[in-house]
Amino acid sequence: MLSRRLSFATLLLGMVTLPLYTYAAAPFLTAGSFPVSASPMYLAVGDFNNDGKLDVVSASGCGASISVLLGKGQSSFETAINTTVGTCLQGIAAGDFNKDGKLDVVASDGGAGATIDILLGNGDGTFQAATTATVGADPHGIAVADINLDGNADVVVANFGDSSFSVLKGKGDGAFDPALTTSLGAGTGPIAVAVSDFNFDLNPDVVVVNNTGNTVSVLLGNGDLTFQAAVTYPAGTGPLAIATGDLNGDLGPELIVTDSDGTGTILFDNHSGGFGPIKGFSVPQGGYGVGLADFNSDGKLDMAVTSPGAASQVTIYTGKGDGTFGSGIVQYATGGNPRNLAVGDFTGDGVPDLVVASADASVVSFLPNRGNGTFAAAGSYTAHTNPVFVAAADFNHDGKRDIATINAGSQDVNVLLNKAKGAFQSSGNFSVGAVPTGMAVADVNHDRKMDIVVSTATGGGVFLGNGDGTFGSIIPFTNPAGTTTYLTVTDLNRDGRPDVVQVSPDTSSVIVRLGNGDGTFKPAQTFTVDAGPVWVAVGRFNADAFPDLIVVAKDANLVDILLGTGGGNFGPATSVGYRANSPTSVAIGDFNKDTKLDIVVTDFAKPDKTAGSAGVLLGNGDGTFQTAKRFATVILNPTSVVVGDFNGDTKQDILVSSGVVNDALLAGNGDGTLQKPSMVISGENITNLAVGDFDGDHVLDFIQCNSGQNVNVLLNTQ
């Protein structure tokens, strides 16, 4: 446990102050309908043409076809691309089975059959000819996950006909090993399946919904395609669908099961792989599809359930954050006989929308989220469009920490001056002239006024500060080759002048610009690193006096170190020995109090990217590191990490941001290990964090920006 209980008060810095969500103010617009193949029953979402916009694929039940709706990103879709496959499709899921960067599809082919259909994607919404694999009889629900943690996507199938489930090990080339099939007991009738980590051991577990047995079976994974014996829990009559998510803020995923008799069941995770207590709730006219998301942006999971009866509607239940839902519900009409649903941000506004398979109407119904529910804001300030990076410094010499953001949508820098107690006022927006990709602050011209350095795709530039929170026009610099993203500013050659370090993902290099001390820089030098660098940090990791570089090479799944040799030069890049899973960021600290610098790397706990993790590598003081210790952060899509003592115990903690929702705080034990994560309810789609004391109480607060128009200030109230 933390030595002191931490809490944070949230301020939202955005374009306007939005009203709190109420049941009377429905968050979804009227559903749009998009024709697909006859009788769509099941849905999956993903970017099937790699254009950065979410698409939908539907399976048409016994219509023997799938349909792809390519998203336009503006509440609309292209005409469906239909592909004939199978005989009676009973489930569909998406994954990259051959590691070519193009999404593939797998569908369960039920009825009298016992196969699944695998369709490898061409990257344009079309697919190669289907191949099949044998599973149990009459397969229904299907899921994709890396069950054995080998980096390849595997498939899990619920087989209704012979009351079993099958696991197919992916080979990473689009093919699968023969299915391993396990019986769940005669007459159970498995119909739906989901994968999660219920006991926090980082091994994927499986839960199966048993339609005729009126139960759910939980099988804890061993991390090697085998499972512990199934433990069975009661559900309602004729359970049909399942979703998993943390409904009560304890970080453990609950099970939400909807039944055909108009009821639902919530099973609460006890963090050891078991469940209890069990609570029921009512569902209008049965629940054929269920999904969880924070629809009203209050940091609590809400629930959407489809009802296929005469009403043909989807019902939204607002979560209270304690495992229960509000008494009010909101219902929206869909096409006839809605079945499965899926959740995703199809409009690019940072809030989750809904798509529903409407079987009788042969359409996919799309409900875009209005996005008008938000946090209670103590202040609301202009941050301009799509802030992607945030930094803190005193820009006007008043002794208070101010905020700067770079904004990709408006292509500018916005500065927010700290007036008092975390209240901010904009001092203006300063044009970059291109899409900014990274930012750092420093006094680059030695006038005792803080300046701002930015990266762009073609180089970047410097805004020289006037000392009053305003800045001159950008002084640009260009790249020798390639594009640049993240950057940092430090003195690499020990001449007292700030230098700039940038990463270039497409040239797999680090670009160094030595400062002249007047706001200009010498010609760039480049140093080769492993593929796809996205983050760089600077520290002294050996006994010499020269700064070294730590580089996150995302595409190579590696972290490199470049030891400084003096004069702003570096030796060749070598791996620190951490085999990462799509690493995203790195920070430096001393986590075991031995005065030797350590690093923490954010990545995913498993190659299937189902949950985030933090890898701590303790430094040996000679440029090498001890074997990494990996700690679960629970959050999805980790985007950045910062280090600081947030609970006042003199031990360094870490804070990890999520590209989905909320942040994770892992308190340090002072010996190189971290405690279990505590969730910081803070917002969605966080791209970057920075720390500082923003309210003058001498404890660390933090700021974050999301991919919409908000900068959030979270004041530490310990």
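Residues numbered from 1 in each chain as written. Predicted model: local features only at pLDDT ≥ 70, side-chain atom pairs only at ≥ 80, totals over all residues. Heavy atoms only, no water.

> Please give an account of the overall build of the chain that cites residues and values.
Within the chain, the regular secondary structure consists of zero helices and 58 strands. When the accessible surface of the chain is summed, it comes to about 24,600 Å², and 51% of that surface belongs to carbon and sulfur atoms. (Helix = DSSP H or I, 4+ residues; strand = E, 2+ residues; numbered from the N terminus. Areas by Shrake-Rupley, 256 points an atom, 1.4 Å probe, with all protein chains shown as cover.)

> So what's going on with the layout of surface pockets? Which residues, and what values?
If you add up the space inside the second largest pocket, you get close to 740 Å³. Lining the second largest pocket are 27 residues, and of these Tyr 486, Thr 488, Trp 535, Val 642 and Leu 689 lie nearest its centre. Residue composition of the lining of the second largest pocket, grouped by class: 23 nonpolar, three polar and one charged. (1 Å grid on protein atoms, 1.4 Å probe; cavity = no way out; pocket = protein on both sides within 12 Å on 5 of 7 lines; lining within 4 Å. Points joined across faces, edges and corners; volume = space filled by probe spheres on them. Nonpolar A, V, L, I, M, F, W, Y, C, P; charged D, E, K, R; others polar.)

> Please provide a residue-by-residue account of the sheet that holds strand β42 (residues 533-539), values included.
Taken in spatial order, the four strands make up an open sheet running β42-β43-β44-β47, and their pairing is antiparallel. Sheet topology places β42 and β47 (574-575) at the edges, where each strand pairs with a single neighbour. Bridge count between strand β44 (residues 558-562) and β47: two bridges; the pairing is antiparallel. Residue Asp 560 lies in a different strand from β47, and its bridge partner there is Ser 575. (Pairing = 2+ DSSP bridges.)

> Describe in detail the pattern of salt bridges, supporting the description with residues and values.
For the coordinates displayed, the defined rule picks out four salt bridges. Put simply, Asp 177 and Lys 171 hold a salt bridge, and the shortest N to O gap is 3.7 Å. Taking the relative accessible area as the measure of exposure, Asp 177 reaches 26% and is therefore partly exposed. Accessibility expressed as a relative area gives 45% for Lys 171, which makes it partly exposed. Among the salt bridges present, the one from Lys 400 reaches Asp 398, with a minimum N-O distance of 3.9 Å. (Salt bridge = Lys/Arg side-chain N within 4 Å of Asp/Glu carboxyl O. Buried < 20%, exposed > 50% of the residue type's maximum accessible area, 1.4 Å probe, protein only.)

> Please provide a residue-by-residue account of the sheet that holds strand β17 (residues 215-219), values included.
Pairing in this open sheet of four strands is antiparallel, and the strands run β15-β16-β17-β18 from one edge to the other. For this open sheet the edge positions go to β15 (190-196) and β18 (231-234), each flanked by a neighbour on one side alone. Averaged over neighbouring strand pairs, the angle between their axes works out to 20° when direction is ignored. Bridge count between β17 and β18: four bridges; the pairing is antiparallel. Looking at the pairing, Val 218 lines up with Val 231 of β18. (Axes fitted to C-alpha atoms, helices over the stretch in contact; angles between N-to-C directions.)

> Can you lay out the packing of aromatic side chains for me, pointing to particular residues and giving the numbers?
Applying the stated criterion across every chain, the model contains 12 aromatic pairs. Ring plane angle 75° and centroid distance 5.7 Å describe the contact between Phe 165 and Phe 227, whose orientation is recorded as edge-to-face. Separated by 62 residues along the polypeptide, Phe 165 in strand β13 (residues 164-168) and Phe 227 in the loop between β17 and β18 bring together distant segments of the chain. On the basis of relative accessibility, which here comes to 1%, the residue Phe 165 falls in the buried class. (Phe/Tyr/Trp six-rings, centres within 6.5 Å; stacked < 30°, edge-to-face > 60°.)

> Can you lay out the confidence of the model for the chain for me, pointing to particular residues and giving the numbers?
Close inspection of predicted coordinates is inappropriate in any region flagged by low pLDDT. Put simply, the chain has an average pLDDT of 82, and 85% of its residues get 70 or more. Low confidence marks residues 1-5, where pLDDT is under 50. Its contacts with residues over four positions away, or in another chain, come to 12 contacts. Counting contacts from residues 372-383, a segment whose pLDDT is below 50, to residues more than four positions away or on other chains yields 53 contacts. (pLDDT = per-residue confidence, 0-100. Contact = heavy atoms within 4.5 Å.)

> Run through unusual backbone geometry, naming residues and quoting values.
Positive phi values are uncommon outside glycine, yet His 397 reaches one of about 60°. Within the secondary structure layout, His 397 lies in the loop between β30 (387-393) and β31 (402-407). Positive phi, normally seen in glycine, also occurs at Ser 508, with a value near 50°. Inspection of the secondary structure assignment puts Ser 508 in the loop between β39 (499-504) and β40 (509-513). According to the relative accessible area criterion, Ser 508 is buried, its value standing at 17%.

> Can you tell me about the nonpolar core, naming the residues and giving the values?
Nonpolar side chains tend toward joint burial in soluble globular proteins. Core analysis: the biggest nonpolar cluster contains 45 residues, and Val 413, Val 415, Ile 452, Leu 549, Ile 550, Val 576 and Ile 599 have the highest contact counts within it. The biggest single contributor to this core is strand β43 (residues 548-553), with four residues. Apart from the residues within four sequence positions on either side, Leu 549 is in contact with Leu 492, Val 501, Val 510, Val 536, Ala 537, Val 538, Asp 560, Ile 561, Leu 562 and Phe 570. (Core = buried A, V, L, I, M, F, W, Y, C linked by side-chain atoms within 4.5 Å.)

> Explain the environment of Gly 245 to me, using residue names and the numbers behind them.
Here Gly 245 shows up in strand β19 (residues 239-245). Along the chain, Gly 245 and Phe 268 lie 23 residues apart, while their C-alpha atoms are 9.9 Å from each other. When sequence neighbours within four positions are dropped, the list of residues in contact with Gly 245 reads Gly 252, Pro 253, Glu 254, Ile 256, Leu 292 and Leu 301.

> Lay out the side chain of Thr 188 in plain terms, naming residues and giving numbers.
Within the secondary structure, Thr 188 sits in the loop between β14 (180-183) and β15. Beyond its immediate chain neighbours, meaning those up to four positions away, Thr 188 contacts Ser 163, Asn 210, Asn 211, Thr 212 and Gly 213.

> Outline the environment of Ser 217, supporting the account with residue identities and numerical values.
On the secondary structure map, Ser 217 appears in strand β17. Between the alpha carbons of Ser 217 and Leu 184 there is a distance of 7.8 Å; along the sequence they are 33 residues apart. Excluding residues that lie within four positions of it along the chain, Ser 217 makes contacts with Leu 184, Val 206, Val 207, Val 208, Asn 210, Ala 230, Val 231 and Thr 232.

> How would you explain the side chain of Asn 211 if you had to name every residue and give the values?
You can see Asn 211 is positioned in the loop between β16 (205-210) and β17. The class of Asn 211 is buried, set by a relative accessible area of 16%. A distance of 2.9 Å separates the side chain of Asn 211 from the backbone oxygen of Pro 239, its partner in a polar contact. Discounting residues that sit within four places of it in the chain, Asn 211 has contacts with Phe 160, Thr 188, Gly 189, Ile 191, Gly 238, Pro 239 and Leu 240. (Polar contact = N/O pair within 3.5 Å; in protein donor to acceptor, adjacent residues only side chain to side chain.)

> Which residues make up the pairing of β31, and what are the values?
In terms of residue burial, β31 counts as a mostly covered element, since six of its six residues are buried. Pairing of β30 with β31 involves six bridges; the strand directions are antiparallel. Across the sheet, the residue bridging to Pro 387 is Asn 407, located in β31.

> How would you sum up the environment of Gly 151? Please name residues and give values.
Inspection of the secondary structure assignment puts Gly 151 in the loop between β11 (139-145) and β12 (154-159). By relative accessible area, which is 26% here, Gly 151 ends up partly exposed.

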